[in-house]
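Coordinates in review
Listed below are the residues making up each chain.
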Amino acid sequence: MSEKLALVTGASRGIGKACALELAKAGYDIIVNYAGNAEAAEKTVQEIKALGVDAAAYKFDVSNKEEVDKSVAEIIEKYGRIDVLVNNAGITRDGLFMRMSAENWNAVINTNLSSAFFVSQPVVKVMMKQRNGAIVNMASVVGVSGNAGQANYSAAKAGLIGLTKTLAKELGSRGIRVNAVAPGFINTDMTKDLDTSKFTDFIPLKRLGEPEDIAKAVKFLAVDADYVTGQVLEVDGGLII
Ligand code: NAP
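Overview of the structure. (Residues numbered from 1 in each chain as written. Predicted model: local features only at pLDDT ≥ 70, side-chain atom pairs only at ≥ 80, totals over all residues. Heavy atoms only, no water.)

1. As for the site of the ligand
The condition that has to hold: We call a residue near a given molecule or strand whenever any one of its heavy atoms falls within 4 Å of it. Two N or O atoms form a polar contact when they lie within 3.5 Å of each other; inside protein one atom must be a possible hydrogen donor and the other a possible acceptor, and for residues adjacent in sequence the pair counts only when both atoms belong to side chains. In this description, accessible areas are obtained by the Shrake-Rupley approach with a 1.4 Å probe, and a residue is regarded as covered only by the protein chains that are shown. Numbering of helices and strands runs from the N terminus; a helix is a DSSP stretch of H or I covering at least four residues, while a strand is a stretch of E covering at least two. When residues are sorted by character, Ala, Val, Leu, Ile, Met, Phe, Trp, Tyr, Cys and Pro go into the nonpolar class, Asp, Glu, Lys and Arg into the charged class, and all the rest, Gly among them, into the polar class.
Around the ligand, the surrounding shell holds 32 residues, and the nearest of these are Ser-12, Gly-36, Asn-88, Tyr-153 and Thr-188. Lys-157 has a polar side-chain atom sitting 2.9 Å from an oxygen atom of the ligand. Between the ligand and the protein, one listed contact pairs an oxygen atom with a backbone N or O atom of Ile-186 at 2.8 Å. Relative to its unbound accessible surface of 900 Å², the ligand loses 92% to contact with the protein. Among the secondary structure elements, those contributing two or more residues to the shell around the ligand are α1 (14-25), β2 (29-34) and α6 (151-171). Of the residues belonging to the shell around the ligand, the class tally is 15 nonpolar, 13 polar and 4 charged.

And the structure:
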């Protein structure tokens, strides 16, 4: 076991998995959180272990405060510390505002925004004791620019940016840095049903991003950026310049 531990929510697939692997390469033991896809989570754990650090999968629903509290308490009891938290788990339930159900509004706000409140609170408690820690929240460019058909998702991601800046101000004196990454269009299960060919025309770098593009930015903010806090790093190929 190494002496540094990172908790990555939604790390069974996509961007979260890439972040977990990148932090593992930087020498962190990794807690792989997931919602239901145990097979994918276990595969991520094996890939992390192959890099020479420890990893374990923890199934909990980040939108459920009781489940979060129980699991984070177990993690802290077992490992004694959490050095990096990546609040990455997220979902979409797209639809035009006037047709959006309260159910789809609440599902996205709870999973993409309230989750960061639920997970960060007990993690910050242990980071405060350590007087050290870094949090990276997975926002989105649509949290900056808005997006037709994504009122719930854009509001959640904009909320995450507000939370990021506020926590940076509250926790800086405790040695805890809090930043956000705002990805553009990234090749994952979340975007697999979109006709992405029409987007690349609008992206100056003329391609979609890969999960690894985001993971490098997360690792920079979590590990290397000692004097950076409260920032939102857009990683979008130039989409919203
Ligand atoms: P993805 O491929 O759909 O993966 C989602 C991950 O989140 C999976 O690991 C899933 O676990 C987990 N998850 C979902 N709901 C959860 C819950 N309630 N509790 C715990 N884990 C949960 O998504 P992605 O594209 O990698 O997106 C990751 C993050 O990046 C999200 O916050 C998303 O909003 C953000 N983002 C993505 C893009 C993009 O273009 N892809 C752009 C901007 C921002 P299971 O495998 O168990 O289901």
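2. Digging into the pattern of salt bridges
Worth spelling out the cut-off: Within this document, salt bridges are pairs made up of a side-chain nitrogen of Lys or Arg and a carboxyl oxygen of Asp or Glu, the two lying within 4 Å of each other. Each residue's exposure class comes from its accessible area (1.4 Å probe, protein chains only) as a fraction of the maximum for that residue type: buried when under 20%, exposed when over 50%, partly exposed otherwise.
Inspection of every chain in the model, using the stated rule, returns 9 salt bridges. Between Arg-13 and Asp-189 there is a salt bridge, and its shortest N-O distance comes to 2.8 Å. With a gap of 176 residues between them, Arg-13 in the loop between β1 (5-8) and α1 and Asp-189 in the loop between β6 (176-183) and α7 (197-200) connect regions that are remote in the sequence. Judged by its relative accessible area of 41%, Arg-13 falls in the partly exposed class. With relative accessibility at 40%, the residue Asp-189 sits in the partly exposed group. A salt bridge links Asp-213 to Arg-207, with the nearest nitrogen and oxygen atoms 2.9 Å apart. In this structure Arg-207 comes out as partly exposed when scored by relative accessible area, which is 41%.

3. Points about the nonpolar core
Filter applied, for reference: For this analysis, a nonpolar core means a set of buried residues of the types Ala, Val, Leu, Ile, Met, Phe, Trp, Tyr and Cys, connected via side-chain atoms within 4.5 Å. Any two residues whose heavy atoms approach within 4.5 Å at even a single point are treated as in contact.
If you look at the biggest cluster of nonpolar residues, it comprises 33 residues, and the most contacted ones within it are Leu-23, Ile-30, Ile-48 and Val-181. Broken down by element, the residue count for this core peaks at 7 residues, all from α1. Other than its neighbours up to four places away in sequence, Ile-48 contacts Ala-20, Leu-21, Ala-24, Ile-30, Val-32, Val-53, Asp-54 and Ala-55. Residues Leu-7, Met-127, Leu-171 and Val-178 belong to the second largest nonpolar core, which totals 26 residues.

4. Things to note about the side chain of Gln-130
In this structure, Gln-130 sits in helix α4 (residues 102-130). Only 3.0 Å separates the side chain of Gln-130 from the backbone oxygen of Asn-132, close enough to count as a polar contact. In contact with Gln-130, not counting residues within four places along its chain, are Arg-81, Ile-82 and Asp-83.

5. Topic: the sheet that holds β1
Put simply, the rule is: Strand pairing is defined by DSSP finding a minimum of two bridges between the two strands. Angular values range over 0 to 180 degrees, each being the angle between N-to-C directions of two axes fitted as lines to C-alpha atoms, with helices fitted over their stretch in contact.
Taken together, 7 strands build an open sheet; the order of strands is β3-β2-β1-β4-β5-β6-β7 and the sheet is parallel. Of all strands in the sheet, those bounded by a partner on one side alone are β3 (55-59) and β7 (232-235). Neighbour-to-neighbour, the strand axes of this sheet turn through a mean angle of 20°, independent of strand direction. As paired strands, β2 and β3 are joined by 5 bridges and run parallel to one another. Looking at the pairing, Ile-30 lines up with Ala-55 of β3. In the packing of α1 onto the sheet, the strands contacted are β1, β2, β4 (84-87), β5 (133-138) and β6, and the crossing angle to β1 comes to about 175°. Across the sheet, helix α3 (residues 65-79) touches β1, β2 and β3, and the angle it forms with β3 is around 160°.

6. As for the pairing of β4
As a general feature of sheets, a regular strand has side chains that alternate between the two faces. Where we set the bar: Handedness of a crossover is defined as follows: with both strands directed away from the viewer, a clockwise route from the first strand across the helix to the second makes it right-handed.
Of the two faces of β4, the one holding Val-84 and Val-86 and the one holding Leu-85 and Asn-87 are both buried throughout. In this structure, β4 lies alongside β5, joined through 4 bridges in parallel fashion. Along β5, the bridge assignment pairs Leu-85 with Ile-135. Note that the unit made of β4, α4 and β5 has a crossover that is right-handed.

7. Thoughts on α3
Formally: Multiplying 1.5 Å by the helix residue count minus one yields the expected span of that helix.
Between its terminal C-alpha atoms α3 stretches 21 Å, which fits the 21 Å expected from 15 residues at 1.5 Å a residue. Buried residues along α3 sit in contact with β1, β2, β3 and α4. Where α3 begins, one side-chain oxygen reaches toward the backbone nitrogen of Glu-66, 3.0 Å away; that side chain belongs to Asn-64. Directly after α3, the chain includes Gly-80, whose backbone phi takes a positive value near 80°.

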